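If you want the building blocks of each chain, they are given just below.
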Amino acid sequence: MARYTRLTEPIALITLNNPPVNALSSAVRSGIVDSVSQALKDDQVKAVVFCGENRMFSGGADIKEFSGSMSGPPLVRMIHSIEASEKLMVAAIEGVALGGGLELALGCHYRVANTKARLGLPEVTLGFLPGAGGTQRLPRLTGITAALELITTGRQISAQEALQLGIVDQVTEGNAVQAAMELALSVIGQPLNPRRLSLRPPVWSADVDSVCEVALARVKQHSRGAMAPVACVQAVRAAAMLPYSKGMEKERQLMDTLFRSSQARALQYAFFAQRNAGKWSLPNGARWNNTKARDVQRVGVIGLGTMGRGIAVSLVKAGLSVVALESDAKQLESGKKAVTAMLQRDAQRRGVGSPLHLLTFALSFHQLKDVDLVIEAVFEDMNLKKRVFSDLCKVLRAGTLICTNTSGLNVDELAKVTDRQHLVVGMHFFAPAHVMKLLEVVYGSRSSPEAVAVAMALGKRIQKVCVAVGNCPGFVGNRMLKLYMDQSLYLLEEGATPEQVDQALEEFGFAMGIFKVADLSGLDVGWRVRKASGLIGPDIDPVNPSRWRLGQRYCPLPDMLCQQGRFGQKTGRGWYLYNSPGSKEAKPDPEILNFLEDYRLKYGITPQRISSQEVIERCAFSLANEGFRILEDGIAAGPEDIDVIYLFGYGWPRHRGGPMFYASQVGLSVVLEKMEHYHRIHPDVPSLEPSRLLRRLVAEGSPPIQQWRNHIKNLHSQL
Ligand code: 3H9
């Protein structure tokens, strides 16, 4: 786990060996401690170089160990004795030095990094702080401002930036171990005390308080209730004000609190859930590791509206060649201008060459004849999409995949009009597609495992977090969103205001409340879908619309807003008021309050006082309840996939893990009891009825979320 090599020079090499990221597991720490003591005992050895196997220094402490009881030498003590050692210690950083990995390097007396290395202290993203001295040593090296920024955001930096900040002493284009050995040979014998960061005085300066206040205000604004960024500021402040030993004590106290917190558990769950989402499986047994994805080089994108533009940009940025198609010259021209500008801006920002040579604009389907895969991103209309799909079959090569960016239409129905049902899958991007990380890859009943593998691999290549999901209206994300939106609307009918609902959701941790999101997306989008699906028809009285449609409760409030031309931000009025069309600052609108009051009066609804707790319970538990139904139906393979979708596509606060994780943390029996309670009060809302799987899990003693997949398997095998 840590290999000791005695080199010919007076140098010993300690290689961390725990693939794939050389995490500092208990065995690795023991190996390091043993190796260091071997080096110290050998009189011939004057210096030690630390490196990682496979040119990867270390991804930090082993996160898997955090859920069990910790054993082995503590990281803090190990790093302290490396720093205190009378022999020269040098870190040779290649690949990554993250978290405890960087803390180990900071304990060394010198650090050398390869130009391609990335360094950082990402502990805050896991719900705690760099608890092996990182909060005390880094500020003593970089000063407090840079340390605050790095530690509170977890941002990874390049070797070059690390050099500028003073985190590494040397950057090399060649082999970092070789460079570290050369550096060691050149400084052996020089005094080590000035290189021991713990011996440096606190980094106090006159403006420490104001710098920390600004940092605190920034993290409070961005962290939406997350505890770790606040604790990070407190720990760095201690480095500025206190001697090292006292600062370390503060770091330990803060770490202890965070380590035991439900937020840290949620964030660590999210870390693994994100990585597991790529390990897809289909109900027929096909899996990520038994299905080969063939290579895709050339992709067609049909439709250069908002979605098509973002998709084209994502593909080109990843080095894929793209043929972008529009139906008429004017739309093509405006799409071309937008895509070109987006790509140029991005290239400028990243300081890389323009990738425009990878892009071809076309008006004829014939220009798609050589592509390996097509992503259709035309208007959300089944007949239009069907026409596009059958036209495509006339020009595409036999093996070309056809993917649809529908956000909820039936993938099987679309596949039926093609000559290749097995090569049709959904690739549901989220707007703006070049920014949002989530991609739902939707398999239909005839989609082949290879087609799913290709879409998942393509998604990964363009740096999306991909989740494979089954085919049903709205798939996973939007199917759940509908119920979340319904609950929010019912709360308005019953007495809440849009800002009250949004405030409760934002305090819970959502980046934006649901009504602000609706204003941003445009209320007319859903209105059009509801018209197309027959929920709004000529038989509906526009002045006194019915609150009962297709056999269940229906809230006509969004339709009534659209009738008034209130489409959201784009018209300057929606659930909120904006200074002008397109402006982003949402202000409560007294007209909406009057409108809601009139509405309740008209329908004889006595307004209730709605508490924040009720808002959260009805919204979050409804999401989870539908998530259980999705698991029952086999549309998602496990609760982690649902949570990843909500984390990356719907702004669910990461420190709450996801709706399924949240339900497991609150307690399944509590969720069941609350759903029963709300269903009793609102029997006209069938979706509030607790799902079968929720009941079953509670009956089986509310197993931890990691075991739900087994229970679901049993449920399916009994059907
Ligand atoms: C810490 O250090 C605390 C200390 O301050 C104080 C303690 C007192 N542990 O992401 P990938 C696994 S906290 C265990 O797909 P990439 C990962 O699950 C730590 N496992 O690869 C996956 O497993 P599988 C602070 C880890 O190339 C596999 O490695 N460090 C760890 O895209 C490949 O991962 C961090 O927060 C770990 N530390 O990215 C860094 N890291 O194959 C977290 C990874 O079974 N890690 N695994 O699915 C990362 O950011 C990325 O994994 C990394 C590689 C950039 C390293």
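Residues numbered from 1 in each chain as written. Predicted model: local features only at pLDDT ≥ 70, side-chain atom pairs only at ≥ 80, totals over all residues. Heavy atoms only, no water.

## Section: the overall build of the protein chain
What the protein chain contains, in helices and strands, is 28 helices and 19 strands. Compactness check: the protein chain gives a C-alpha radius of gyration of 28 Å against a globular reference of 27 Å for 719 residues, within 12% of the reference. For the protein chain, the spread of C-alpha atoms along the principal axes amounts to about 95 × 60 × 55 Å. For the protein chain, buried positions account for 56% of its 719 residues. Expressed as a percentage of contacts within the protein chain between residues at least 6 apart in sequence, the contacts between residues at least 24 apart total 72%. (Helix = DSSP H or I, 4+ residues; strand = E, 2+ residues; numbered from the N terminus. Rg over C-alpha atoms; globule rule 2.2 N^0.38 Å. Buried < 20%, exposed > 50% of the residue type's maximum accessible area, 1.4 Å probe, protein only. Contact = heavy atoms within 4.5 Å.)

## Re the site of the ligand
As a matter of local geometry, the ligand sits amid 24 residues, with Gly100, Glu103, Glu123, Arg275 and Lys279 nearest to it. In the environment of the ligand, a nitrogen atom lies 2.9 Å from a nitrogen or oxygen atom belonging to the backbone of Ala61. In the model, an oxygen atom of the ligand is placed 2.5 Å from a nitrogen or oxygen of the Glu123 side chain. Contact with the protein chains removes 74% of the 1,000 Å² of surface that the ligand exposes when unbound. Broken down by element, the residue count for the shell around the ligand peaks at three residues, all from helix α11 (residues 262-277). Residues belonging to the shell around the ligand are distributed by class as follows: 13 nonpolar, five polar and six charged. (Near = heavy atom within 4 Å. Polar contact = N/O pair within 3.5 Å; in protein donor to acceptor, adjacent residues only side chain to side chain. Areas by Shrake-Rupley, 256 points an atom, 1.4 Å probe, with all protein chains shown as cover. Nonpolar A, V, L, I, M, F, W, Y, C, P; charged D, E, K, R; others polar.)

## So, the sheet that holds strand β6 (residues 110-114)
Pairing is mixed across the open sheet formed by six strands, whose spatial order is β1-β2-β3-β4-β6-β9. Each of the sheet's edge strands pairs with one partner strand only, and the pair in question is β1 (2-6) and β9 (170-172). Within the sheet, the average angular offset between the axes of one strand and its neighbour, ignoring direction, is 20°. Against the sheet, helix α1 (residues 26-41) makes contact with β1, β2 (11-16), β3 (47-52) and β4 (88-93), and its axis sits at roughly 20° relative to β1, the strand it touches most. (Pairing = 2+ DSSP bridges. Axes fitted to C-alpha atoms, helices over the stretch in contact; angles between N-to-C directions.)

## What about helix α13 (residues 329-350)?
In this model α13 runs 31 Å from its N-terminal to its C-terminal C-alpha over 22 residues, within 8% of the 32 Å that 1.5 Å per residue would give. Against α12 (306-317), β11 (321-325) and β12 (359-362) lie the buried residues of α13. Positive phi shows up at Gly351, right after α13, with a value of about 65°. (Expected span 1.5 Å × (residues − 1).)

## Describing the pattern of salt bridges
What the rule picks out here adds up to 42 salt bridges. Arg618 is the salt-bridge partner of Glu494, the closest N and O atoms lying 2.7 Å from each other. Here Glu494, found in helix α17 (residues 477-494), pairs with Arg618, found in helix α23 (residues 612-632); they are 124 residues apart in sequence, far enough to count as distant. Here the salt bridges share partners, and the residues they tie into one network are Glu493, Glu494, Arg547, Arg553, Glu614 and Arg618. (Salt bridge = Lys/Arg side-chain N within 4 Å of Asp/Glu carboxyl O.)

## Looking at the sheet that holds strand β15 (residues 424-429)
In spatial order, the strands read β12-β11-β10-β13-β14-β15-β16-β17; together these eight strands make up an open sheet with mixed pairing. Two strands in the sheet have a free side with no partner beyond their single neighbour: β12 and β17 (465-470). The sheet shows a mean angle of 25° between the axes of neighbouring strands, taken without regard to direction. As paired elements, strand β16 (residues 438-443) and β17 share six bridges and run parallel to each other. Opposite Val442, over in β17, you have Val469 as the bridge partner.

## Regarding the UniProt feature "domain: 3-hydroxyacyl-CoA dehydrogenase NAD binding" (unreviewed entry) in the protein chain
UniProt feature "domain: 3-hydroxyacyl-CoA dehydrogenase NAD binding" (unreviewed entry): in the numbering of this structure it lies at residues 299-471. Within the segment residues 299-471, helix and strand shares are 39% and 23% respectively, and the terminal C-alpha atoms sit 23 Å apart. (UniProt positions renumbered as here; feature names shortened; annotations may be inferred.)

## As for the UniProt feature "domain: 3-hydroxyacyl-CoA dehydrogenase C-terminal" (unreviewed entry) in the protein chain
UniProt's feature table lists "domain: 3-hydroxyacyl-CoA dehydrogenase C-terminal" (unreviewed entry) at residues 474-578 and 615-702, given in the numbering used throughout. Overall, residues 474-578 shows 51% helix and 4% strand. The separation of its end C-alpha atoms is 30 Å. Taken end to end, residues 615-702 has its terminal C-alpha atoms 24 Å apart, with 67% of it in helix and 0% in strand.

## Some remarks on the environment of Pro73
Relative to the elements of secondary structure, Pro73 occurs in the loop between β3 and α2 (75-84). Sequence spacing of Pro73 and Ser30 is 43 residues, and the spatial spacing of their C-alpha atoms is 6.1 Å. Other than its neighbours up to four places away in sequence, Pro73 contacts Ser26, Arg29, Ser30 and Val33.

## Here's the deal with a nonpolar patch on the surface
On the surface, Met512, Val517 and Leu520 cluster together into a nonpolar patch covering about 220 Å² of accessible area. The topology assignment puts Met512 in the loop between α18 (498-508) and α19 (514-521). (Patch = residues over 30% accessible without salt bridge, like charges linked within 9 Å, V, L, I, M, F, W, Y side chains within 5 Å.)

## Quick word on the packing of aromatic side chains
Summed over all chains, the structure comprises 18 aromatic pairs. A ring pair is formed by Tyr646 and Tyr650, whose centres lie 4.3 Å apart and whose planes are at 15°; its orientation type is stacked. Looking at Tyr650, the relative accessible area reads 15%, which means it is buried. The ring of Tyr603 has Arg547 sitting right over it, with the charged end atom 5.8 Å from the ring centre. (Phe/Tyr/Trp six-rings, centres within 6.5 Å; stacked < 30°, edge-to-face > 60°. Lys NZ or Arg CZ within 6 Å of the ring centre and 35° of its normal.)

## Concerning the nonpolar core
Of all hydrophobic cores here, the largest spans 106 residues; its most connected members are Val476, Val501, Leu505, Trp575 and Trp652. If you tally residues by element for this core, the top one is α23, at 10 residues. Those residues in contact with Trp652 that sit more than four places away from it in its chain are Phe508, Phe510, Ala620, Leu623, Tyr646, Leu647, Gly657, Gly658, Pro659 and Tyr662. Counting residues in hydrophobic clusters, the runner-up holds 70 residues, among them Leu16, Ile82, Val168 and Leu197. (Core = buried A, V, L, I, M, F, W, Y, C linked by side-chain atoms within 4.5 Å.)

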